[in-house]
Amino acid sequence: MPIGRKDLLMGAGAAALAAGVGPAAMAQGQGQARAQGQAEDGAAPAQAPGFYRFRLGSRVVTLLHDGAGRRPNPTQGFVRNASPEQVAAALQAELMPTEHLDIVYTLTALETPEGVVLFDTGTGGQLGATAGQAPANLRAAGHDPAQVRMVVMTHFHGDHISGLTDAENRPLFPQATIVVPKAEWDFWMDDGQAGRAPEAMRNAFALVRRKFEPYRERIRQIDGAAEVAPGIRAVPTPGHTPGHTSYLLTDGGAQAMVLGDVTNRPELNLRNPGWHLVFDMDAEQAEATRRRILDRVASDRIRCIGYHFPFPANGYVAKEGEGYRYIPALWRGTLEA
Ligand SMILES: [Zn+2]
């Protein structure tokens, strides 16, 4: 295992990102921008590789920045059960723009004695101009994607599964077993569901079938709260999708929860756990799941990794008022496991 120091390790890119430099420009014109020390045309400056490591007991967790997608007009229709004024107020309270919302993608890689286990796969460069950096960042962190032993899926939305294969649908993790929640598989692979799907969801069904096709012989379904591997346990968290699943990572007394999309950006969806985002397929169930899981990680003080949290996308959750407050782990001190 290419594990480095015993204390917390941090990529230079993570430091730059954590210091508040935008992640958006990592994809394009890096060499030139780096040589000049700044980007052209007003784009954000280039970054060093975006990965961030922390220790979980005797294991190392590496978080991989994949980039971000920009959603225009987040006050219009993004939250189904809040007014444009309420959403604008929530964004402004966090000093975020109201014209657009950058939805960040962060993958989790866990080093185990059997090899690297990856949680979700990012966009594969096929969604959003600045996303798709996760494989390069995995390499920069010292791991060959071709050697990944296991890829564990939280759910089958495009920003989580597109990175399974490249644009020509060649597998990017040819050695990996692909672990999928059975409920998620059953829903998306059901021909009846696919046939009844509204026009807007047809592409999503087609994408799922296409992305898993090259892995047909390597799929392992898990049912409910199964043990995926020693130190990795599934935690069913349905609602965002029918089989959405989080994963509790443990080693000794150390714990971390890979939340997946239990919440979207914490500034909106942790503060307002009752908000029904447009991506939640069963919004009522998603809300009940969100409150249950957030109560658990808050009361047990479990470190959380949120797929759409701002990089490096890990921290703690505290109950506050009607909702929850996100406390980035870095704010608690940098040498802590
Ligand atoms: Zn997502």
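Reading the values: rules and limits
Residues numbered from 1 in each chain as written. Predicted model: local features only at pLDDT ≥ 70, side-chain atom pairs only at ≥ 80, totals over all residues. Helix = DSSP H or I, 4+ residues; strand = E, 2+ residues; numbered from the N terminus. Buried ≥ 20, exposed ≤ 12 C-beta atoms within 10 Å, placed from the backbone. Contact = placed C-beta atoms within 7 Å. Pairing = 2+ DSSP bridges. Core = buried A, V, L, I, M, F, W, Y, C linked by C-beta atoms within 7 Å. Axes fitted to C-alpha atoms, helices over the stretch in contact; angles between N-to-C directions. pLDDT = per-residue confidence, 0-100. Arc of directions from axis to C-beta. Expected span 1.5 Å × (residues − 1).

*Asks:* Before we go on, may I ask you to explain the overall build of the protein in this structure?
*Replies:* Within the protein one finds ten helices and 14 strands. Here the protein holds 337 residues, and 46% of them are scored as buried. Considering only residue pairs separated by 6 or more positions, the protein has 68% of its internal contacts joining residues 24 or more positions apart.

*Asks:* Is there a simple way to explain the pairing of strand β6 (residues 177–181) in this structure?
*Replies:* The buried count for β6 comes to four of five residues, which makes it a mostly enclosed element. Inspection of the sheet shows strand β5 (residues 150–152) paired to β6 by three bridges, in the parallel sense. Paired with Val 152 across the two strands is Val 179, which belongs to β6. As defined by bridge partners, β6 adjoins strand β7 (residues 219–222) across four bridges and the pair is classed as parallel. Looking at β7, one finds that Val 179 is bridged to Arg 220.

*Asks:* Please clarify how the nonpolar core should be interpreted in this entry.
*Replies:* With 65 residues, the main nonpolar core has Val 151, Val 152 and Val 179 as its most contacted residues. Setting aside chain neighbours within four positions, we find Val 152 in contact with Val 117, Phe 119, Val 179, Val 228 and Tyr 247. Judged by nonpolar contacts, the second largest core, of nine residues, contains Val 79, Leu 91, Leu 101 and Leu 268.

*Asks:* What am I meant to see in the sheet that holds strand β3 (residues 100–112) here?
*Replies:* The strands making up a sheet associate through hydrogen bonds between their backbones, and the pairing can be parallel or antiparallel. Strand order in this open sheet of seven strands is β1-β2-β3-β4-β5-β6-β7, and the pairing throughout is mixed. Strands with a single pairing partner mark the edges of an open sheet, and in this sheet they are β1 (51–56) and β7. Averaged over all neighbouring strand pairs, the angle between strand axes comes to 25°, with direction disregarded. Judged from the eleven bridges that link them, strand β2 (residues 59–72) and β3 form a sheet pairing that is antiparallel. Paired with Pro 72 across the strands is His 100, a residue of β3.

*Asks:* For this particular structure, what's the right way to read the pairing of strand β14 (residues 323–328)?
*Replies:* Each regular strand displays side chains that alternate between the two surfaces of the sheet. Pairing of strand β13 (residues 314–320) with β14 involves six bridges; the strand directions are antiparallel. Bridge assignment links Tyr 316 to a residue of β14, and that residue is Ile 327. In textbook terms, the turn of a hairpin is the stretch between consecutive antiparallel strands, and for β13 and β14 this stretch comprises two residues, one of which, Gly 321, has a positive phi near 60°.

*Asks:* So what exactly am I meant to see when it comes to the sheet that holds strand β8 (residues 227–229) here?
*Replies:* Within the open sheet, the seven strands sit side by side as β8-β9-β10-β11-β12-β13-β14. Their pairing is mixed. Two strands close off the open sheet at either side, each with one partner strand: β8 and β14. Going across the sheet, the axis of each strand differs from the next one's by a mean of 35°, ignoring polarity. Summarising the sheet, strand β12 (residues 303–306) and β13 pair through two bridges and their orientation is antiparallel.

*Asks:* So what exactly am I meant to see when it comes to unusual backbone geometry here?
*Replies:* Most of the time, phi is negative for any residue but glycine, and the peptide bond is trans. Each neighbour pair has its own omega, and for Phe 311 with Pro 312 the value is 5°, a cis peptide bond. Along the polypeptide, Pro 312 turns up in the loop between β12 and β13. Of note, the phi angle at Asn 73 is positive, near 50°, even though the residue is not glycine. Inspection of the secondary structure assignment puts Asn 73 in the loop between β2 and α3 (84–93). For Ala 313, which is not glycine, the phi torsion reads 65° and is therefore positive. Mapped onto the elements, Ala 313 comes out in the loop between β12 and β13.

*Asks:* What am I meant to see in the environment of Glu 213 here?
*Replies:* Along the chain, the position of Glu 213 falls in the loop between α8 (199–212) and β7. With 12 C-beta atoms packed within 10 Å, Glu 213 lands in the exposed category. For the pair formed by Glu 213 and Pro 171, sequence separation is 42 residues and the distance between their alpha carbons is 9.3 Å.

*Asks:* Would you mind showing me how to read the confidence of the model for the protein here?
*Replies:* On average, residues of the protein carry a pLDDT of 87, and 85% of them reach 70 or more. In the predicted structure, residues 1–39 sits below a pLDDT of 50 and forms 83 contacts with residues beyond four places in sequence or in another chain.

*Asks:* Explain α8 to me, please; I cannot follow it from the model alone.
*Replies:* The complete set of buried residues in α8 reads Val 208, Lys 211 and Phe 212. Within α8, the buried residues cover an arc of 90° as seen down the axis, which keeps them to one side. Pointing more than 90 degrees away from the buried face of α8 are the exposed residues Glu 199, Arg 202, Asn 203, Ala 206 and Arg 209. Each element contacted by the buried residues of α8 is listed here: α5 (158–161), α6 (182–188) and β7.

*Asks:* Would you mind showing me how to read helix α10 (residues 283–299) here?
*Replies:* Taking 1.5 Å of rise per residue, the 17 residues of α10 would be expected to cover 24 Å, and the 24 Å separating its terminal C-alpha atoms lies within 8% of that figure. Buried positions along α10 lie against β10 (245–251), β11 (254–260), β12, β13 and β14. The positive-phi residue at the C-terminal boundary of α10 is Arg 301, with phi of around 55°.

*Asks:* What is the right way to read the environment of Gly 195 from this model?
*Replies:* Structurally, the position occupied by Gly 195 is in helix α7 (residues 191–196). C-beta crowding within 10 Å serves as the criterion here: with 9 such atoms nearby, Gly 195 is assigned to the exposed category. It is 9.4 Å that separates the C-alpha atoms of Gly 195 and Phe 205, two residues lying ten residues apart in sequence.

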